[in-house]
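# Analysis of the macromolecular model
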There are 2 protein chains.
Amino acid sequence: MISLSNPSPPGRTLAEQVYGALKSDILAGALTAGSALLTRDLLERYHCGVSPLREAVARLVGEQFLEATSHRGVRVPSFSVNDVEDVYRIRIALEREALALAIIHGDDNWEGAILAAGHRMEKAPLPDRNEDQGHAVSEWEKRHRSFHTSLVSAAPSPRLLRLINQMVDQTERYRALRLAGSDQAKIGRDIVAEHRRLMDLVIARDPACLELLADHLDHTRQAVVALIRSAAIP
Amino acid sequence: MISLSNPSPPGRTLAEQVYGALKSDILAGALTAGSALLTRDLLERYHCGVSPLREAVARLVGEQFLEATSHRGVRVPSFSVNDVEDVYRIRIALEREALALAIIHGDDNWEGAILAAGHRMEKAPLPDRNEDQGHAVSEWEKRHRSFHTSLVSAAPSPRLLRLINQMVDQTERYRALRLAGSDQAKIGRDIVAEHRRLMDLVIARDPACLELLADHLDHTRQAVVALIRSAAIP
DNA sequence: AATTTTTCCATTTTCCAAAATATTGACAGG
DNA sequence: CCTGTCAATATTTTGGAAAATGGAAAAATT
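This text gives an overview of the structure that appears in the document. These figures come from a predicted structure and were not determined experimentally.

Right, let's talk about the sheet that holds strand 3 (residues 74–75) of chain A for a bit. Residue and element names in this part refer to chain A. Across the sheet, which stays open at both edges, the 3 strands sit in the order 1-3-2 with antiparallel pairing between neighbours. Unpaired on one side and paired on the other, strand 1 (36–37) and strand 2 (67–68) mark the two borders of the sheet. Bridge count for strand 2 against strand 3 is 2 bridges, and the pairing is antiparallel. Following the sheet pairing, Ala68 is matched in strand 3 by Val74.

Right, let's get into the packing of aromatic side chains. Within this structure, the stated rule accounts for 2 aromatic pairs over all chains. Here Phe79 of chain A and Tyr174 of chain A contribute two aromatic rings whose centre-to-centre distance is 4.5 Å and whose plane-to-plane angle is 40 degrees, an arrangement assigned as tilted. Remark: Tyr174 of chain A occurs in the loop between helix 7 (158–172) and helix 8 (175–180) and Phe79 of chain A occurs in the loop between strand 3 and helix 4 (81–105); sequence separation between them is 95 residues. Overall, Phe79 of chain A belongs to the buried group, its relative accessible area being 17%. Over the aromatic face of Tyr174 of chain A sits the side chain of Arg173 of chain A, whose NZ or CZ is 6.0 Å from the ring centroid. The ring of Tyr19 of chain B carries Arg59 of chain B above its face, with NZ or CZ at 4.0 Å from the centroid.

Before going further, it helps to spend a moment on the side chain of Thr220 of chain B. All names here are of chain B. Within the secondary structure, Thr220 sits in helix 11 (residues 208–231). Its relative accessible area of 17% is what places Thr220 among the buried residues. Excluding residues that lie within four positions of it along the chain, Thr220 makes contacts with Tyr88 and Arg189.

Thresholds, definitions, all that
Residues numbered from 1 in each chain as written. Chains lettered and ligands numbered in written order. Predicted model: local features only at pLDDT ≥ 70, side-chain atom pairs only at ≥ 80, totals over all residues. Heavy atoms only, no water. Pairing = 2+ DSSP bridges. Helix = DSSP H or I, 4+ residues; strand = E, 2+ residues; numbered from the N terminus. Phe/Tyr/Trp six-rings, centres within 6.5 Å; stacked < 30°, edge-to-face > 60°. Buried < 20%, exposed > 50% of the residue type's maximum accessible area, 1.4 Å probe, protein only. Lys NZ or Arg CZ within 6 Å of the ring centre and 35° of its normal. Contact = heavy atoms within 4.5 Å.

Shown next as structure tokens:
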């Protein structure tokens, strides 16, 4: 067993497996934000030698999922309002660009994929109460993410799509927070209607969809920021 | 001696030094694009053991300056028109966002830095003929880059600025090509006037500067694309 | 002759122990 | 009582040797 929060991320070399497992753990919040990671704990946790671990860590540093200081190990970046705003700002700029490309280049398959993803999202509704519905919420999040991915998937820009994915992953780190306060987050927003309208505009290739997407993401940003503030994260 | 095209990049650990040296060599084109890198050549070249090399490579993979395939080593990504367009697209979206933030948050120091950078750029003019003026061109490029950096430097978004830097580095790889054809690139463009106008609009906090910057970068993109096409790069 | 299987070799990947560097706590001097 | 120095300890970093892997040549089978 390699990962503690993911069954078994496929990857040929050990270093890749550890990379995947460590990344999952960071995104899932299994490694508390702001904490320093001791090498020997990680060695124990991922059951490997120093080389694969070090390689995995170095790669995550390159992708900003970890912060490194010479001779002082690595830390999981801590949460902050500024950081959330930073990430969402980038995400909005990039997704808008990608969506603009997608509505130019998208074909029938793309439209089909969007409809399918939208449908799957509506079929896994966000539970009204967030009591012990952790699984349901997580399923919804997964489908929600794949809906957004489908929107921009037709953009012929691998780098752009990769960067967007990276930013989405960054926001993923705040998921625990989002889940804790999903009730408030929904206040004043009809999520389903919002997405359906977005979907319609996109498929109609209406340029207004760019603004709508930007607004949609900005609302999410505001919700997350509000949550951090209320959760009193340093 | 660690680096082959850079004197001695400061860095505490060996891995960091190798990282810097390898990155420099990639950006400077010392490692031909598209070529596979043999581990033992790199070991020889950077005069270090496998561990620091491996770590440096892993980090560069995370930043997309190298492509890795399991058990088949790493390659320097090859040049392509699509890639240039991809990178510039991202760069434009991000720099526009950053400049918008900068003209909101910029203070007097920021304005001063822009004026200084603009002045330095004008004092190191691009030579008319690109005969053996390699050094002069490279000095101009350095100052040109620092001018553009100064424009967005006031944006309070570390992630955004880092990403922009990364994209500029990516375009840096095509520098050899740009130099080879700098004559053509200048045709029909008054670079000095273009930059001065940009500078004036930015300092006046005129929102029109966003469009101008985007156009400016787009022209550069077109010039680079034309060069690649004429250089018949696969 | 074509196709599959086997063997060998170059290369990457991994482990491990030694070296380098930070951090902690104690202790002497101001 | 505070401050700075020095040793002891903990942690990270590095080099080299061993293991694993993929690809290509050689052998064997159809």
